Amino acid sequence: MKIKYLGYTSFLMSIDSVDLITDPEFSQKNGVKLKGVNADIVISTDGKDATSIEGKNRKEVFVISKSGEYEVGGLMIQKGIDNSYYTIDSDLIRVVYIGVGSKEIDIKLFKDVGDVDVLLLPIGGGDNFPDYDLLEKIISEVDPIKLVPFAYGGDLKSLDEFIKHFGYNYTEESMIKVDSAPEQEDRKMDVVVLKN
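Residues numbered from 1 in each chain as written. Predicted model: local features only at pLDDT ≥ 70, side-chain atom pairs only at ≥ 80, totals over all residues. Heavy atoms only, no water.

1. Observations concerning the pattern of salt bridges
Opposite charge on two side chains permits them to pair, given that their charged atoms come into close proximity. In plain terms, the rule: What counts as a salt bridge is simple: a side-chain nitrogen of Lys or Arg found within 4 Å of a carboxyl oxygen of Asp or Glu. Exposure categories follow from relative accessible area, calculated using a 1.4 Å probe and restricted to protein chains: below 20% of the type maximum is buried, above 50% is exposed, and the middle band is partly exposed.
Counting across every chain of the model gives two salt bridges. With its nearest N and O atoms 2.6 Å apart, the salt bridge here joins R94 to D89. The same class applies to R94 and to D89, which are both buried. D190 serves as the salt-bridge partner of K188, at 3.7 Å between the closest nitrogen and oxygen. On the basis of relative accessible area, D190 is assigned to the partly exposed category, the value being 31%.

2. As for unusual backbone geometry
What counts, and what does not: Counting from the N terminus, the helices are the DSSP runs of H or I reaching at least four residues and the strands are the DSSP runs of E reaching at least two.
Phi is positive for Y8, close to 50 degrees, though the residue is something other than glycine. Positive phi, close to 40 degrees, is recorded for D23, a residue that is not glycine. Assignment of secondary structure puts D23 in the loop between strand 3 (18-22) and helix 1 (24-29).

3. Considering the environment of F150
Filter applied, for reference: Contacts are assigned to residue pairs with any non-hydrogen atoms lying within 4.5 Å of each other.
You can see F150 is positioned in strand 13 (residues 146-150). In sequence terms F150 and Y5 are 145 residues apart; their C-alpha atoms lie 8.5 Å from each other. With sequence-adjacent residues up to four places away left out, F150 is seen in contact with Y5, Y8, T9, F11, Y97, I98, L120, L121, P122, I123 and G124.

4. Looking at a negative patch on the surface
For the record, the criterion: Only residues whose relative accessible area exceeds 30% and that form no salt bridge are eligible for patches; like-charged ones are grouped when within 9 Å, while nonpolar side chains (Val, Leu, Ile, Met, Phe, Trp, Tyr) are grouped when within 5 Å. Each accessible area value is a Shrake-Rupley result obtained with a 1.4 Å probe; residue values ignore everything except the protein chains displayed when judging cover. His is not counted, nor are the chain ends; Lys and Arg add positive charge and Asp and Glu add negative charge. A charged residue contributes its charge at one atom only: NZ of Lys, CZ of Arg, CG of Asp or CD of Glu.
Together, E104, D131, D133 and E136 give the surface a local cluster of negative charge. Looking at where D133 falls in the secondary structure, it is placed in helix 2 (residues 132-142).

5. Some words on the packing of aromatic side chains
The following threshold applies: In this analysis, rings of Phe, Tyr and Trp, with Trp reduced to its six-membered ring, are considered paired at centre separations within 6.5 Å, and the interplanar angle assigns stacked below 30 degrees, edge-to-face beyond 60, and tilted for intermediate values.
Throughout the structure, instances matching the rule amount to 14 aromatic pairs. Measuring from centroid to centroid gives 5.1 Å for F11 and F150, while their planes differ by 90 degrees, and the two rings are edge-to-face. In this pair, F11 is assigned in strand 2 (residues 10-15) and F150 in strand 13, connecting sequence segments 139 residues apart. For F150, a relative accessible area of 0% puts it in the buried group. Ring plane angle 70 degrees and centroid distance 6.1 Å describe the contact between F62 and Y70, whose orientation is recorded as edge-to-face. By relative accessible area, F62 is classed as partly exposed at 34%. In textbook terms, an aromatic cluster arises when at least three aromatic residues are bridged by ring pairs, as seen for Y5, F11, Y97 and F150.

From the geometry alone we can't say anything about function, so treat these as descriptive.
In structure tokens, the structure reads:
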């Protein structure tokens, strides 16, 4: 699986010939230009339809904005009732995307999330995303192999504030490629900042 950051709350995840995009309408509302971006699947944590995204391989985009389990194009996508995160599974890879409306997300929801390869985490606070205390609990509960921060800057807290507060080292990448790997007993979380 390849993950590329498009800006604000939008990631493009690609596996085989299937592309998935996260919260494009919210990103566009916040100034991100997504013209020409096509996808097969759109997930929307705020329940809005993705009217501006055109289908890639299908005539229509498969929009997921409600709770449930969806199997589309080899991906298993799950969203629980009244929560603002999705798990996206492909083979042995699990990505957790925490989206819009997660400001007061219940930490108990993450208890049975399982082994997480990549946690896509909004770090800027504000009206739509968790504060630092809740972020710390989420990171501890999920315990991902890779943490990818997003939704920061402008009116929100900056990446530098987040890094300084938590004391993380990070690497910058244009995209990440996630392969399934055997579970390591002594693993360390990597923080990866994806540049768009």
